[in-house]
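Chains, contacts and geometry: an overview
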Amino acid sequence: MLEIAGLTVRYGEFRAVSEVTLSVADGEVLALLGPSGCGKSTLLRAVAGLEAAQGAVRWDGAELSGVPVHRRGFGLVFQDGQLFPHRDVAGNIAFGLRMSGLARAERESRVAELLELVGLAGYGARGVRELSGGEQQRVALARALAPRPRLLLLDEPLSALDRMLRDQLAGELAELLRKTGSTALVVTHDHDEAATLADRVALLRAGRVVQTGAPEQVWCSPADEWAAGFLGCTAFLPARVRAGEASSVLGSFAVAGPDGPATLGLRPAGLRVAERGEVAGRVVGRTNRRDRVELSVRLDEKLGGHEVPAQSGVRTAPRLGEEVRLALDPDGVALVRP
Ligand SMILES: Nc1ncnc2c1ncn2[C@@H]1O[C@H](COP(=O)(O)OP(=O)(O)OP(=O)(O)O)[C@@H](O)[C@H]1O
């Protein structure tokens, strides 16, 4: 397993990564999630050995600080693939195998196996410049997987692709990681991608780990209001947990954990327009999305008059100024405990 202990990376006086302690178990996929500039890539690069760091990076208990990048047994994939432009697809995938001195016949069979695995069977002789962006990323992944690395380090592997391809490849990549039993550290700033790929998420802010947990746990119970805000909450209401129920002016829903005060973080998906909804308000803002309309709703005065995010279907979307009724969807809200 990978252990990162008290890891700090400095650029001059600036600490891009600060005292980070994290571990990744065998076969686990951990996503590093956080806003731009929070130190995700720097942390990944320090684990790869590409960045000088203080603190420890260990594999199965063995310290890696003196071990150069190519001897760590890690596979790397970057945002833009970084394929060798003058080699064909097979030549790119075979690169690490050649380095490790594998005989030609074994190399060829391993390359064929990987092409199959990433859905590019028959592409071996193609030039990499003739490939689409999605195909190039598959080749980069095959190249990283070919020498059977003990850890895969993926830095925004899908972010250069358009949205649809990205969603599709995220699903395929998740399946591939499971199928190969890979242990992986994945940098992303995309929440959906983190949820699709990762068993566990580490949320970073200004070089520090703010929270780790299963994606759904981090999504539903962010560590603080900053984390909730990063995870899409745009309004907060006071709430209280008592006997397994979280209550606020919006109603109540079942939660686990101790009694006490809490803060309810609201995202559009947490309040849906519904004829029989228990919450009344008036639409004061609306934004069209692909498959939904996001609304800003001013709640009735007797509910406190707060402005909250909500959403409706596209065909049934209310107009600006319209009175609406909203139903609370517990899957769309976050509960922040003090
Ligand atoms: N070589 C460098 N010299 C000086 N500062 C750097 C260097 N590389 C990164 N930084 C700074 O360190 C911080 C962390 O950068 P990093 O690339 O790790 O962030 P990130 O979370 O991966 O961001 P993004 O999602 O935008 O890629 C940023 O403030 C960045 O400007």
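Residues numbered from 1 in each chain as written. Predicted model: local features only at pLDDT ≥ 70, side-chain atom pairs only at ≥ 80, totals over all residues.

**Quick word on the overall build of the protein chain**
This is how the line gets drawn: To qualify as a helix, a DSSP run of H or I must reach at least 4 residues; to qualify as a strand, a run of E must reach at least 2; elements of each kind are numbered from the N terminus. Counting other C-beta atoms within 10 Å of a residue's C-beta gives its exposure: the residue is buried at 20 or more, exposed at 12 or fewer, and partly exposed in between, where C-beta atoms are placed from the backbone. Contact between two residues is assigned when their C-beta atoms, built from the backbone, lie within 7 Å.
Tallying secondary structure elements over the protein chain gives 8 helices and 20 strands in all. Principal axes of the C-alpha set define a box for the protein chain whose edges measure 75 × 45 × 35 Å. Sorting the 338 residues of the protein chain into buried and exposed places 38% on the buried side. In the protein chain, the share of contacts with a sequence separation of at least 24, taken over all contacts with a separation of at least 6, comes to 63%.

**Topic: unusual backbone geometry**
One non-glycine residue, Glu 19, adopts positive backbone phi at about 55°. Examined against the element boundaries, Glu 19 turns out to sit in strand β2 (residues 14-24). Given 14 C-beta atoms within 10 Å, Glu 19 falls into the partly exposed group. Here the phi dihedral of Ala 243 falls at roughly 50°; this positive angle occurs in a residue that is not glycine. Checked against the element boundaries, Ala 243 lands in the loop between β11 (235-242) and β12 (245-248). The class of Ala 243 is exposed, set by 6 C-beta atoms lying within 10 Å.

**Looking at the nonpolar core**
For soluble globular proteins, the rule of thumb is that nonpolar side chains tend to be buried together. Cut-off, in case you're wondering: Buried Ala, Val, Leu, Ile, Met, Phe, Trp, Tyr and Cys residues form a nonpolar core when they are connected through C-beta atoms within 7 Å. Domain start and stop points were drawn from an automatic or database domain assignment.
Counting 91 residues, the largest nonpolar core has Ala 31, Leu 32, Leu 185 and Val 186 as its most contacted members. The element that contributes the greatest number of residues to this core is helix α4 (residues 133-145), accounting for 6 residues. A domain split of this core shows at least three residues from each of domain 1 (2-220) and domain 2 (226-336). Apart from residues lying up to four places away in sequence, Val 186 is in contact with Val 29, Ala 31, Leu 32, Leu 154, Leu 197 and Ala 198.

**So, the confidence of the model for the protein chain**
Filter applied, for reference: For every residue, the predictor states its confidence as a pLDDT score lying anywhere from 0 to 100.
For the protein chain, per-residue confidence averages 94 on the pLDDT scale, and 100% of positions sit at 70 or higher. Mean pLDDT in the protein chain bottoms out at helix α5 (residues 163-179), which sits at 88, and peaks at strand β14 (residues 260-266), which reaches 98.

**Here we look at the pairing of β2**
The side chains of a regular strand alternate between the sheet's two faces. The line we're drawing: We call two strands paired when DSSP finds no fewer than two bridges between them.
Pairing of strand β1 (residues 2-11) with β2 involves 7 bridges; the strand directions are antiparallel. Within β2, the position partnered with Ile 4 by the bridge is Leu 22. Hairpin connection between β1 and β2: a loop of 2 residues separates the two successive antiparallel strands, and Gly 12 in this loop has a positive phi of roughly 65°.

**Description of the site of the ligand**
To keep it simple, the criterion reads: Think of it this way: take the backbone, place a C-beta atom on it, and check whether that atom is within 6 Å of the molecule or strand, in which case the residue is near it. In this count, Pro and Cys sit with the nonpolar residues alongside Ala, Val, Leu, Ile, Met, Phe, Trp and Tyr, while Asp, Glu, Lys and Arg are called charged and the others, Gly among them, polar.
Surrounding the ligand, one finds Tyr 11, Ala 16, Gly 34, Ser 36, Gly 37, Cys 38, Gly 39, Lys 40, Ser 41, Thr 42 and His 189. When residues in the shell around the ligand are grouped by element, the largest group, 3 residues, is from helix α1 (residues 40-48). Per-class residue counts for the shell around the ligand are 3 nonpolar, 7 polar and 1 charged.

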